[in-house]
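Descriptive structure summary
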Amino acid sequence: MDEEAVVKFVETYLKKKGFKQAELAFHEEIQQQNNSNNAVNIHSDPDLSTLLHSLSQPEDSPARYQDEYSKLRTWADSSLDLYKHELLRVLYPVFVHCYMDIVAQGHIQDARNFFNSFHEDHETMHLRDLQKLEGVLSPSHLEEMEFAHTLRQSKVNIKICQYSEELMMQYLRKSKSTIILGIVNEHINFQVSPGQPISISDDPDAVTLIGSSQDAANQINKKEIHWGLLEDSLEERFEKTGGFLSDSEKTEGETKEGDMDENKKRSMDGGKQASIKKSKKDKAASATAKAVRLEAHTVPAAPRVKPELPLPVMQAEVEQSILEDLRNRVQLSSATLPSVSFYTFINTHNSLNCSSISHDGSLVAGGFSDSSLKVWDMAKLGQQAGNSILQDENDAAPSEHVSGPNSGKRSYTLFQGHSGPVHSASFSPLGDFVLSSSADTTVRLWSTELNANLVCYKGHNYPVWDVQFSPMGHYFASASHDRTARIWSVDRIQPLRIMAGHLSDVDCVQWHANCNYIATGSSDKTVRLWDVQSGECVRIFIGHRSMILSLAMSPDGRYMASGDEDGTIMMWDLSSGRCISPLMGHHSCVWSLAFSCESSLLASGSADCTVKLWDVTTSTKPAKKEENKSGNTHRMRLLKTLPTKSTPVSTLRFSRRNLLFAAGALSKSQ
């Protein structure tokens with residue numbers, strides 16, 4: 001900018017502001033300067049040059065919005081980790097109002113450029129709002145569209161610690177970001193708290209969602225849900241007939257035989273030692289049975305509800321088998337921990353994507369990157385020589401097997417049919433069927449008795465990340481990259497319900513114990529609960545800071561646990577939709593969660609090569625007065641950590657007798 005242009009600019013500015021006396025004085029000074037030929041070289045003074053460059057742009061030009069927002073984004077992203085997550089919360093509302101301000105000035109193309117430059121930063125959490133915002137394309141839309149009008153008229157509440165707020169305001173003043181400072185003052189309400197920054201895991205409501213989204217979530221969470229157990233269920237009848245004492249003499253022989261079968265299943269992990277552990281657990285269980293019963297009586301019985309879906313009729317011999325398991329169930333508590341049987345996949349060459357264990361632990365399935373599904377029968381493996389089974393871990397010869405000698409005969413059943421990697425597998429309650437989902441967008445139903453593919457279910461448009469049989473069989477749920485979950489029945493090739501509402505991939509799905517609800521976990525960092533009859537979302541659980549990878553429902557129907565990519569687990573009360581307690585302890589992804597049969601313990605399996613056992617009863621029972629006075633609200637107790645040598649834990653399952661099964665693939669790189 002030359003001197004003549006500068007003079008013209010200053011004159012225009014003074015005239016625009018109405019500074020007449022200053023304008024006259026300025027003209028006189030210019031004339032005197034011209035007479036004396038004492039010109040100022042602007043380019044030799046960098047400070048003056050920078051100032052004039054910034055002043056040469058109108059105060060509210062689109063370029064200044066882009067420049068100030070870009071600098072704020074860079075500053076927040078490079079700030080200290082302790083305060084970073086709080087400072088980043090400010091970016092989204094600032095982005096929204098910068099865009100709408102540019103639109104209000106009529107610079108539509110500049111507004112589009114601004115949107116396209118920065119919208120990807122906010123897609124994970126605010127995709128639905130961004131889609132609406134993208135439709136605001138003229139100044140008239142700001143008044144006509146309810147979404148935009150509400151945003152312009154309301155303030156966003158952001159919880160932030162005092163030091164973070166001071167850092168933010170200091171930066172805005174120092175960098176002379178007057179536009180963003182104006183947006184912050186006009187459209188953001190900081191709810192400042194003293195002390196350290198607030199963690200989102202401690203405060204799920206740390207950020208009030210933009211516009212009416214949070215209000216909508218609150219409204220959804222007010223809906224009534226019937227979380228009780230099914231009326232006239234087998235467990236209820238079993239309790240009414242006397243529980244563990246009924247027909248005990250008649251089934252004594254069967255019990256011993258069942259224990260022998262279970263020990264055979266665990267032959268890979270210990271043989272005689274496993275049997276000794278089992279007898280110790282039985283003794284401990286009988287010693288603490290009275291205490292467990294007293295503790296159970298303090299929790300009110302779950303209400304009974306009717307099934308919303310027509311359920312299959314259970315055959316008499318199946319009922320008898322389940323009753324036998326119930327009679328021989330070990331009562332677990334914080335004083336009586338479960339025995340654990342761990343199945344290790346070896347020599348998988350990083351091709352194992354998922355694993356699943358049948359309800360009695362007799363079958364193990366693995367889904368692989370080469371589109372195959374393999375199922376191992378543990379009883380048959382137990383009949384093979386124990387020495388040759390264990391040697392395979394150190395064999396140089398390549399093997400695809402979970403275990404077993406590398407003879408000509410395969411130790412597994414191979415199911416082929418998918419045309420893409422298999423991402424999930426799920427056994428039916430009786431183990432006679434297994435479902436698999438794949439990147440080829442399909443779900444397949446296989447018979448473990450016929451060793452054949454029965455049905456191919458098509459409906460999703462993208463890879464299917466998870467599939468789960470319902471607790472009663474016949475129905476199953478799937479979760480996909482297409483941001484939907486779907487309910488199916490095995491006898492129909494089209495989905496019965498489509499659950500749409502997540503803003504990103506639906507990564508995992510889990511059934512409620514009464515089969516009337518399913519829960520879905522997503523990459524949008526939320527968990528949703530859906531009514532299977534209406535297909536409506538009845539709860540939204542907000543609090544995770546990364547994608548949800550695993551879900552578990554308590555068998556009593558009251559609680560849900562969710563695990564995420566950061567290693568955080570959250571316990572939720574289904575009736576209120578509130579987080580009871582965050583569980584911190586894992587250092588990597590939580591891939592699997594499982595509740596014990598009486599809902600007293602929670603097991604978690606992680607990529608950090610550990611299984612952790614948590615005491616659920618202490619975190620869910622009402623707090624004592626002394627605890628309230630001392631402020632001890634974090635009562636979730638880690639009971640035990642069970643490390644593996646070098647095996648990330650991908651699958652967990654409690655059997656009906658409360659034996660904990662786990663599985664994972666040996667990782668030699670760890």
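Residues numbered from 1 in each chain as written. Predicted model: local features only at pLDDT ≥ 70, side-chain atom pairs only at ≥ 80, totals over all residues. Heavy atoms only, no water.

1. Comments concerning the overall build of the protein
- Each helix and strand in the protein was counted, giving 22 helices and 31 strands.
- Of all 670 residues assigned to the protein, the portion counted as buried reaches 51%.
- Within the protein, counting contacts between residues at least 6 apart in sequence, those at least 24 apart form 58% of the total.
- Approximately 32,500 Å² of the protein is accessible, and the part contributed by carbon and sulfur atoms is 50%. (Helix = DSSP H or I, 4+ residues; strand = E, 2+ residues; numbered from the N terminus. Buried < 20%, exposed > 50% of the residue type's maximum accessible area, 1.4 Å probe, protein only. Contact = heavy atoms within 4.5 Å. Areas by Shrake-Rupley, 256 points an atom, 1.4 Å probe, with all protein chains shown as cover.)

2. A look at the UniProt feature "repeat: WD" (unreviewed entry) in the protein
- Mapped onto this numbering, the UniProt entry annotates "repeat: WD" (unreviewed entry) at residues 345-378, 415-449, 457-498, 499-540, 541-582 and 583-624.
- Here residues 345-378 runs as 3% helix and 56% strand, with 13 Å between its end C-alpha atoms.
- Between the C-alpha atoms that bound residues 415-449 there is a distance of 12 Å. The span itself is 0% helix and 57% strand. (UniProt positions renumbered as here; feature names shortened; annotations may be inferred.)

3. So, the packing of aromatic side chains
- Summed over the entire model, instances satisfying the criterion amount to 18 aromatic pairs.
- Ring plane angle 50° and centroid distance 5.0 Å describe the contact between Tyr 83 and Tyr 163, whose orientation is recorded as tilted. Here Tyr 163 lies in helix 11 (residues 162-174) and Tyr 83 lies in helix 5 (residues 81-88), a separation of 80 residues in the sequence.
- Assessed through its relative accessible area of 41%, Tyr 163 is described here as partly exposed.
- Of the aromatic side chains, those joined through ring pairs into one cluster are Tyr 69, Phe 95, Tyr 99, Phe 114, Phe 115 and Phe 118.
- Over the ring of Phe 368 we find Lys 374, and its NZ or CZ is 4.5 Å from the ring centre. (Phe/Tyr/Trp six-rings, centres within 6.5 Å; stacked < 30°, edge-to-face > 60°. Lys NZ or Arg CZ within 6 Å of the ring centre and 35° of its normal.)

4. Regarding the environment of Val 375
- Mapping Val 375 onto the fold places it in strand 8 (residues 372-377).
- In this structure the C-alpha to C-alpha distance between Val 375 and Ser 411, which are 36 residues apart in sequence, comes to 9.0 Å.
- Not counting residues up to four positions away in its chain, the partners in contact with Val 375 are Leu 363, Val 364, Ala 365, Tyr 412, Thr 413, Phe 415 and Phe 427.

5. Description of the side chain of Glu 68
- With respect to the element layout, Glu 68 can be found in helix 4 (residues 62-77).
- Here Glu 68 is in contact with Lys 176, Ser 177, Thr 178, Ile 179 and Ile 180, once residues within four sequence places are set aside.

6. Comments concerning the pairing of strand 24 (residues 569-573)
- Along strand 24, four of the five residues are buried, which leaves the element largely enclosed by surrounding structure.
- The pairing of strand 23 (residues 559-564) with strand 24 spans five bridges and is classified as antiparallel. Bridged to Met 560 within strand 24 is Trp 572.
- Counted between consecutive antiparallel strands, the loop separating strand 23 from strand 24 contains four residues, among which Gly 567 sits at a positive phi close to 100°.
- Taken together, the four bridges between strand 24 and strand 25 (residues 579-583) define a ladder with antiparallel strand orientation. Bridging from a neighbouring strand, Met 571 pairs with Ser 581 of strand 25.
- Linking strand 24 to strand 25, which pair antiparallel, is a turn of five residues; within it Gly 577 sits at a positive phi near 80°. (Pairing = 2+ DSSP bridges.)

7. Observations concerning the nonpolar core
- One finds Val 94, Phe 95, Tyr 99, Leu 133 and Leu 172 to be the most contacted residues of the largest nonpolar core, which totals 43 residues.
- Contact partners of Tyr 99, with chain neighbours within four places excluded, come to Ala 111, Arg 112, Phe 114, Phe 115, Leu 133, Glu 134, Val 136 and Leu 137.
- By size, the runner-up hydrophobic cluster in this structure holds 18 residues, among which are Ala 217, Leu 309, Ile 487 and Cys 515. (Core = buried A, V, L, I, M, F, W, Y, C linked by side-chain atoms within 4.5 Å.)

8. Some details on the packing of helix 4 against helix 5
- Close contact between helix 4 and helix 5 brings their axes to 8 Å; oriented N to C, the two are set at 145°. Where helix 4 approaches helix 5, its residues Trp 75, Ala 76 and Asp 77 are matched on the opposing element by Lys 84, Leu 87 and Leu 88.
- Its residues assigned to classes, the contact of helix 4 with helix 5 shows four nonpolar, no polar and two charged. (Axes fitted to C-alpha atoms, helices over the stretch in contact; angles between N-to-C directions. Nonpolar A, V, L, I, M, F, W, Y, C, P; charged D, E, K, R; others polar.)

9. Some details on the sheet that holds strand 31 (residues 660-665)
- As summarised here, the arrangement of the three strands in space is 5-31-30, forming an open sheet in which the pairing is mixed. Edge positions in the sheet fall to strand 5 (340-345) and strand 30 (651-654), since each of these pairs with one other strand and no more. Across this sheet, the average inter-strand angle for adjacent strands is 15°, counted without regard to direction.
- Bridge count between strand 30 and strand 31: four bridges; the pairing is antiparallel. In the strand pairing of strand 31, Thr 651 is matched with Ala 663.

10. Let's talk about helix 10 (residues 146-153)
- Looking at helix 10, one finds that the buried residues are Phe 147, Ala 148 and Leu 151. Buried residues of helix 10, seen end-on, are gathered within an arc of 95° and therefore sit on one face of the element. The exposed residues of helix 10 that point more than 90 degrees off its buried face are Glu 146 and Gln 153. (Arc of directions from axis to C-beta.)

11. What about helix 7 (residues 108-118)?
- Burial in helix 7 covers these residues: Ala 111, Arg 112, Phe 114, Phe 115 and Phe 118. All buried residues of helix 7 project into a common sector of 160° when viewed along the axis, lining one side.

12. Here's the deal with the confidence of the model for the protein
- Averaged over every residue, the pLDDT of the protein is 78; the share at 70 or more is 76%.
- Within the model, the stretch residues 51-57 combines pLDDT values under 50 with eight contacts to residues more than four positions away or in other chains.
- Confidence over residues 623-634 falls short of pLDDT 50; this stretch has six contacts with residues more than four positions distant or in other chains. (pLDDT = per-residue confidence, 0-100.)

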